[in-house]
Structure formats: structure tokens, C-alpha cells
Amino acid sequence: MLSLIQPALSGDIHRNTNVSLRVQASSGASDFVPVLEIVSIKFEFEQCPTAKMMAADQSVHGVPPSLSAKVVGSFAYLTVRDRLPTILTKVIDTIHRNKNKFFEEYGEEGIVAEKQTISLLSKMRNELQTDKPVLALTDGLQDTESWNQYLKRHQRPQGDQESVSWFKSPWLYVECYMYRRIQEALWLNPPISDYDVFNESKTQSFFESQQAVMTLCTYLEDVNKNMEDLAKNQLVEHFNKLLQVSLWGNKCDLSISAGQDNSQKISPIDSLNSLKPFILVDDSNMVWSTLTSTQRPGPPGKATAARVDIILDNAGFELVTDLVFADFLVSSGLVREVHFHGKSFPWFVSDVTAKDFQWTIRQTMAANHKWMSKSGVQWQSYLKEGVWSYHDHPFWTQPHEFCDMAADAPDLYAALQGADLLLFKGDLNYRKLTGDRDWDHTVGFDTALRGFGPAPLCSLRTLKANVQVGLQPGQAEKLTSQDPDWMTSGKYAVIQFYCPASEQ
């Protein structure tokens, strides 16, 4: 369906504007045919003038250094040395395997584009593996200048360009930069500019998790069927279960497994009790309290519930868990509106784009399973009615810490302020929330956020990077003695909440 709007969003507008979508029925058709309509396109992403200092520039007392590959043997070092080149090699292989498809669609021009894209990606892989300086982007897209300004700010304190290299720079920066360079390599080589190099692995993850998706949709149907008769304690129980399913859905992350199969093959509901001891911080009750306290008196017998924004992470099974949770929030009356925030181009292997979002709902609708198909139809209806909406913004595919957002993407910050609750899914969002810095584990979540707080927020994250704050004294030491890889294995998780003082 997304292809219906792509010709109208050509060039750098398509990739670098803030696009909001809704679904409507196409006119003149006897059957309902869902199509996407552009309801707003905003050219509001600021090019970060040098007067606006980012966190990379700030020398704030008490703020620890960024995690970096310059610490030999660290998880950041092993990621840059091993995992990132592996992902790049898979990208190159995927493009090469599809050269016949490019030839069929575009003729000789497609073959030339394939070769030139692979050449650029191979060059980047060599730069990475030999710790060459980070280069400025050259593709002239709307976010190019912002990326290049970010590079200059890193170069300035160091005093030379050589020091800003793959292993010497902040891990968060170079990992984001790699995915942006993949995008550049494709963009510089039309006609394959819009090719999603990660699409195969994302669709495979979805199809291999079908049994778990069916189980989840069946559970949702049972809950919705009895919703009117549920006592408050039963509603809380279902809320906690589906919140935890969304949390553990985050284990299905293809960037951490370098694109290897990471699908969900067991019942997500049945495994919750056995997973509970691995939740290191559980602020579920605060999330519940926030939602129930935002319900205001409305028309007779009704309450005006909250708006929840979900900042998405992975496509595939995790996205389904997010959609199921969002469905429950609406059908229970806890929430009147859900805004989903995804990425504007393929990112970190499995992150959700607008195309992935629509594809997942269409696949769920078309499933040969009664309750799965019913769920998909309901989700499409929510989009059509405006109860659900999908948004993307260039800031989500930038290397910034989120404490930069108010200054560098004020339009996005203002949009998030309209929510009653923000749910940040996954590891990369947690790294950006906390600045991906070497914080002591007992430092408060509020301290690590460094002023970021457009609305009450909660991180739902399985741990896959060595940053974790808000733990009890001695908790990290005990975990390290029992399981040295506790921060990076995806075995542990947090439901971590923060409420800005203005909201309390």
C-alpha cells in the first residue's frame, strides 16, 4: 500500500521529512481497500546551528564519558570489531544476491547500481576495520548537513580530524553512522535507492513467529470478549501480562544477533512467570497509575482516557506484541489514542519503518487464522478512524542523545509533550535516553536522562548493551558474579519509569 504514495514523496523529501499517515477507504470501490493518505508533511527538522550545543559538546561536571570501542575488550569494542563488519558483509551479500531482480526491474542500470553500491559499502567496511577517520556525508539529503555538523562538533574538541575514527569515537555515534552510510550508498545509486537491505530478515522473523502471534491474538480475543465483565484486579493482571509480552518481545532483535534467526517460537504468555525473576527494575505499577490517573470525566458514563505514544523498536514479532498491547489499551478504555513512532529509513537491521508497519497489519489481516485475521482487521480500523496513527521523524535516525531533542528537534519534543505516557521500546532507545555513557549502575534513571522529559516515560528494554542505571546498591555486583554477560545477553530486562516534576 505504501507504494501508492512513494512517487509523490520522491527525492530527499521522502526520506527526511516528518510524515504522518492514516488509512482511509479508497472511493469508488465496492470492497474496502485500505490505502495510506498523507495527512501532514512537516519540514521542521532543524539543521542544528552551531549555537545550539549538543551533548557531545557539553563538558558537564559529573557526566561520565561515552561508551567507546577505544576500550579494548569492551562490548563496544567487540561490536565495532566483529558485529558491525558482519552486518555490513550480510548487507553486501543481500544486494549481490538480488542483482538478477535489479536487472529484471531496471535493466543494465540496475546492475551498475548494484556494483557501485557494493563498492561503496566495501570501502566503508575497510574504513571501519582499519579505524579510518569518519567521513562527511555527500548525498545532499535534508539531514546531511545535520550529520556533518555533528561530525564537526566531535572534531573540534579533539583538535584534529584523525581522532574522530571508528574505534576512537563514541560507540553510539559510529553505529548510527554506519546505518546512515548504508543509506547513503543506496541513495547515491538510483534506481535501487529505495531498496530495503534488511527486508528479507524482517519478513522471515515475522513468518517464523506465526505460532506465537496466533497464541497472542487468541489471548487478546479472550480478553476483549470478556472486557465488560472484568473486575479491576483482572484488568490490572491482563495489563501487566501484555506489558511484559511487549517487554520480552524486544528479545527478537536482529541487530544484536547480526541478522541471525531471532524469532519467537514458544508461547509468549506461558513463559511470563519463568521470566519474571529476570526483570531487574519493575515499575509496572507506576505505568498503570499514570494511565488511570489521566482518565478525566467526559460525557455521562464515560471517561476521557489518555494518549500513549509508543516509540517502536523492532519489526517482526516485537511489533506484533506492541500492536496487541496497544489494542488492549484502547479496547479496555485506558487509552483513547495511540501514536506509533518509527524510523524513516531501514535502521539497525530490524527497526520498524512505515512500510514494515503497514505490511505487518496487512499480513495479520490476511492470516489463515480466525483471531489473528480479526486482530488485523481491528488494527486497520483503528488507523482508518484515527485512533492509531504512525509517525516518523529524522531525529530518530540521528546519533543524538535524547537530552538534545528539545534544542535540536523542538517540533518532535513538542509533539511528545502531547502524550500522557511515552513507551520507549528497546535497547537503542535506552542507550539514547541515558546518553550511552559509562554511568554507575546505582545512578538514578532521572539523573541519566539529563533533563529529557517531555512527558511521563517508561523504557521497556531487554539488556543488550553495557549501560544500565537505577539499580539497587550491590545488585549489579551480584549479577556480575552470577552472570558476567548480564548486561549484553538479552536475558535480563527493565520496566523503568520516570515522571517529570511538572507532571507530578
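Treat the numbers as computed from the prediction; the structure is a model and nothing was measured. (Residues numbered from 1 in each chain as written. Predicted model: local features only at pLDDT ≥ 70, side-chain atom pairs only at ≥ 80, totals over all residues. Heavy atoms only, no water.)

**Regarding the pairing of strand β8 (residues 388-392)**
Burial analysis of β8 places five of its five residues in the buried class, the great majority of the element. Because side chains alternate across β8, one face comprises the buried residues Trp388, Tyr390 and Asp392, and the other comprises Ser389 and His391, equally buried. Inspection of the sheet shows strand β7 (residues 335-342) paired to β8 by five bridges, in the parallel sense. Pairing of His341 across the sheet is with His391, part of β8. (Buried < 20%, exposed > 50% of the residue type's maximum accessible area, 1.4 Å probe, protein only. Helix = DSSP H or I, 4+ residues; strand = E, 2+ residues; numbered from the N terminus. Pairing = 2+ DSSP bridges.)

**Here we look at the packing of aromatic side chains**
Aromatic ring pairs are defined here through the distance separating the ring centres and the angle between the ring planes. Under the definition given, this model contains 31 aromatic pairs. Plain terms: the ring middles of Phe102 and Tyr195 are 5.1 Å apart, the flat faces sit at 90 degrees to each other, and that makes the pair edge-to-face. Here the residue Phe102 occupies a position in helix α3 (residues 99-106), and Tyr195 occupies one in the loop between α6 (171-187) and α7 (199-208), the gap between them amounting to 93 residues. Judged by relative accessible area, which is 2%, Phe102 ranks as buried. Geometrically, the ring pair formed by Phe206 and Trp359 is edge-to-face, given 5.2 Å between the ring centres and 75 degrees between the ring planes. Of this pair, Phe206 sits in helix α7 while Trp359 sits in helix α13 (residues 354-365), and the two are 153 residues apart along the sequence. According to the relative accessible area criterion, Phe206 is buried, its value standing at 1%. Ring-pair connections join several aromatic residues into one group, and the members of that group are Phe340, Phe357, Trp379, Tyr382, Trp388 and Tyr390. In this structure, Arg431 is placed above the aromatic ring of Trp171, and the distance from its NZ or CZ to the ring centre is 3.7 Å. (Phe/Tyr/Trp six-rings, centres within 6.5 Å; stacked < 30°, edge-to-face > 60°. Lys NZ or Arg CZ within 6 Å of the ring centre and 35° of its normal.)

**Focus on the environment of Val197**
When you line up the elements, Val197 lands in the loop between α6 and α7. Separated by 106 residues in the primary sequence, Val197 and Val91 have C-alpha atoms spaced 6.1 Å apart. Look past the residues within four positions of Val197 in its chain and what remains in contact with it is Val91, Thr94, Ile95, Ile182 and Leu186. (Contact = heavy atoms within 4.5 Å.)

**Some thoughts on the pattern of salt bridges**
Applying the stated rule across the entire model yields 27 salt bridges. Measuring nitrogen to oxygen at the nearest pair gives 3.2 Å for the salt bridge that ties Lys168 to Asp131. Of the two residues, Lys168 is situated in the loop between α5 (144-158) and α6 and Asp131 in the loop between α4 (108-129) and α5; the sequence distance between them amounts to 37 residues. The exposure class of Lys168 is partly exposed, given its relative accessible area of 39%. In this structure, Glu221 engages Lys374 in a salt bridge whose closest nitrogen and oxygen atoms are separated by 3.1 Å. Residue Glu221 is found in helix α8 (residues 210-225), and its partner Lys374 is found in helix α14 (residues 370-385); the two are separated by 153 residues along the sequence. (Salt bridge = Lys/Arg side-chain N within 4 Å of Asp/Glu carboxyl O.)

**As for the nonpolar core**
Formed by 81 residues in total, the largest nonpolar core has its most connected members in Met178, Ile182 and Met405. Tallying contributions element by element places α6 first for this core, with 11 residues. When sequence neighbours within four positions are dropped, the list of residues in contact with Met405 reads Phe395, Trp396, Pro410, Leu412, Tyr413, Leu416 and Phe452. In this structure, Ala212, Val320, Phe325 and Val330 belong to the second largest nonpolar core, which totals 64 residues. (Core = buried A, V, L, I, M, F, W, Y, C linked by side-chain atoms within 4.5 Å.)

**Quick notes on the pairing of strand β10 (residues 457-462)**
Burial within β10 is extensive, with six of its six residues counted as buried. Here four bridges tie strand β9 (residues 421-425) to β10, and the two strands are oriented parallel to one another. By the bridge assignment, Lys425 is partnered in β10 with Leu460. Two elements, β10 and strand β11 (residues 493-498), share six bridges in a ladder whose sense is antiparallel. Looking across to β11, one finds that Leu460 is bridged to Ile495.

**Thoughts on unusual backbone geometry**
Cis geometry marks the peptide bond from Pro190 to Pro191; its omega dihedral reads 15 degrees. Along the chain, Pro191 falls in the loop between α6 and α7. Phi at Phe348 is positive, roughly 50 degrees, even though this residue is not glycine. Backbone geometry at Val349 places phi at a positive 65 degrees, although glycine is not the residue there. Among the structural elements, Val349 can be located in the loop between β7 and α13.

**A short note on the environment of Gln398**
Checked against the element boundaries, Gln398 lands in the loop between β8 and α15 (405-408). Spatially, the C-alpha atom of Gln398 lies 8.5 Å from that of Tyr173, the residues being 225 residues apart in sequence. Among the polar contacts made by the side chain of Gln398, one reaches the side chain of Ser146 at a distance of 3.3 Å. (Polar contact = N/O pair within 3.5 Å; in protein donor to acceptor, adjacent residues only side chain to side chain.)

**Observations concerning the side chain of Ser284**
Tracing the backbone shows Ser284 in helix α11 (residues 284-293). Contacts of Ser284, omitting those with residues within four sequence positions, involve Phe239, Asn240, Leu243 and Ile495.

**A word on α14**
With 16 residues, α14 extends 23 Å between its outermost C-alpha atoms, agreeing within 8% with the 22 Å of an ideal straight helix rising 1.5 Å per residue. Of the residues making up α14, those classed as buried are Met372, Ser373, Ser375, Gly376, Trp379, Gln380, Tyr382 and Leu383. Downstream of α14 by a residue or two, Gly386 has a phi angle that is positive, lying close to 85 degrees. (Expected span 1.5 Å × (residues − 1).)

**Brief notes about the environment of Gln211**
Mapping Gln211 onto the fold places it in helix α8. Judged by relative accessible area, which is 54%, Gln211 ranks as exposed. Placed 56 residues apart in sequence, Gln211 and Ser267 show a C-alpha to C-alpha distance of 7.7 Å.

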